[in-house]
Amino acid sequence: MLRLKAEKNAVILAHNYQLPEVQDVADFLGDSLNLSLEAAKTKAQMIVFAGVYFMAETAAILNPDKKVLIPDPNAGCSLVDSVDNAYVQKWRERHPDGVVVAYINTSAATKALSDYVCTSANCLKVVEAIPRDKPVLFLPDKYLGLYIKYKTGRENMEIWNGECYVHAELSADKILEVAKRYPDAELLIHPECGCGTACLLELPKLGVEPKFLSTEGMVKYVKVSLKRRFIIATETGIIYRMQKEAPGKELIPASEGAICKYMKLITLEKVYRSLRDGVYHVVVEPEIAKRAKAAIERMFQFQ
Ligand code: 13P
Ligand code: SF4
């Protein structure tokens, strides 16, 4: 793998939910924001993206002159699939002064119809920067949207009715039940989780102050916190990286079943084949890429 990478002048970028053996061969591991920042600045000629399709597509949009590969093109995302671009187009026509904010978990075509892209790490900053009198359409994750609406107090924000099929299962009841079982643990929640604002409102009544964080935010938090025990409410693949980077901490998944079948399509063997055979090339139509890139770059001011 190392020899091939050097021969091809390639870099392997991997998301925090990837299988342990894939994480081990990555040059860079991170959340959606850091992976797109890394993709934007890499000097390598080839990027092998160990993650899901929209992530590789984002890397391709940011690097029109580089070869971006995904080891399995079927690695999708339930959020991406939920969007109806015709509705977004109509919303724009109905709201000429409106602002469309697309979560990064969207297709290139949806990003091209949007003013801003955001990730779980910078969504609050992006929405807060939009003048309060402008109507906003946020898509596609309803739980993340509700979280943003609650935190920013923004009334004029329409939220698309999409969900991540993994995080939607991490409901308020499930998270409350685990939090009660481990009253001394810090609770880290990905804002895509299906608890909406219930966790924000109910948990403090039990004396628990949950932290809502992106996957990278969770890794950093576990490393620096003085607490020893953490409940991790997100996809379980992240635990491997946390164990490596924060040894000695006790990490309790909020649900052992929180496993993204799309992320797990990327195996070590497929990463090797991708590098060796130059498959599967992620190509974005240039006009779509140009408009999507503008929306992605607008979010880079909010890190
Ligand atoms: P992060 O950007 O927090 O890593 O989240 C990506 C994702 O797909 C969550 O399910
Ligand atoms: Fe998409 Fe959910 Fe999988 Fe993340 S965990 S890639 S949001 S389906």
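Thresholds, definitions, all that
Residues numbered from 1 in each chain as written. Chains lettered and ligands numbered in written order. Predicted model: local features only at pLDDT ≥ 70, side-chain atom pairs only at ≥ 80, totals over all residues. Heavy atoms only, no water. Helix = DSSP H or I, 4+ residues; strand = E, 2+ residues; numbered from the N terminus. Buried < 20%, exposed > 50% of the residue type's maximum accessible area, 1.4 Å probe, protein only. Pairing = 2+ DSSP bridges. Right-handed = clockwise from strand over helix to strand, strands pointing away. Axes fitted to C-alpha atoms, helices over the stretch in contact; angles between N-to-C directions. Contact = heavy atoms within 4.5 Å.

**Looking at unusual backbone geometry**
Right, so step 1: Of the consecutive residues Leu139 and Pro140, the connecting peptide bond is found in the cis state with omega at 0°.
Right, so step 2: Position of Pro140 relative to the elements: it lies in the loop between strand E7 (136-139) and helix H9 (142-152).
Right, so step 3: The peptide bond linking Val279 to Tyr280 adopts the cis configuration, its omega dihedral lying at -10°.
Right, so step 4: Note on placement: Tyr280 falls in the loop between helix H14 (268-277) and helix H15 (286-299).
Right, so step 5: Phi at Asn9 is positive, roughly 50°, even though this residue is not glycine.
Right, so step 6: Take Asn9: it is sitting in the loop between helix H1 (2-8) and strand E1 (10-15).
Right, so step 7: When its relative accessible area of 37% is taken as the criterion, Asn9 is described as partly exposed.

**As for the pairing of strand E12 (residues 250-253)**
Right, so step 1: Taken together, the 4 bridges between strand E11 (residues 229-233) and E12 define a ladder with parallel strand orientation. By the bridge assignment for E12, Phe230 is matched with Leu251.
Right, so step 2: On the question of chirality, the crossover connecting E11 to the parallel E12 by way of helix H13 (residues 238-245) is right-handed.

**Observations concerning the sheet that holds strand E5 (residues 99-103)**
Right, so step 1: The 4 strands lie next to each other as E6-E5-E7-E8, forming an open sheet whose pairing is parallel. The open sheet has two edge strands, strand E6 (116-118) and strand E8 (157-159), and neither has a second partner. Neighbour-to-neighbour, the strand axes of this sheet turn through a mean angle of 25°, independent of strand direction.
Right, so step 2: Taken together, the 4 bridges between E5 and E7 define a ladder with parallel strand orientation. Within E7, the position partnered with Val101 by the bridge is Phe138.
Right, so step 3: Packing of H9 onto the sheet brings it into contact with E5, E7 and E8, and relative to E8 it is tilted by some 160°.

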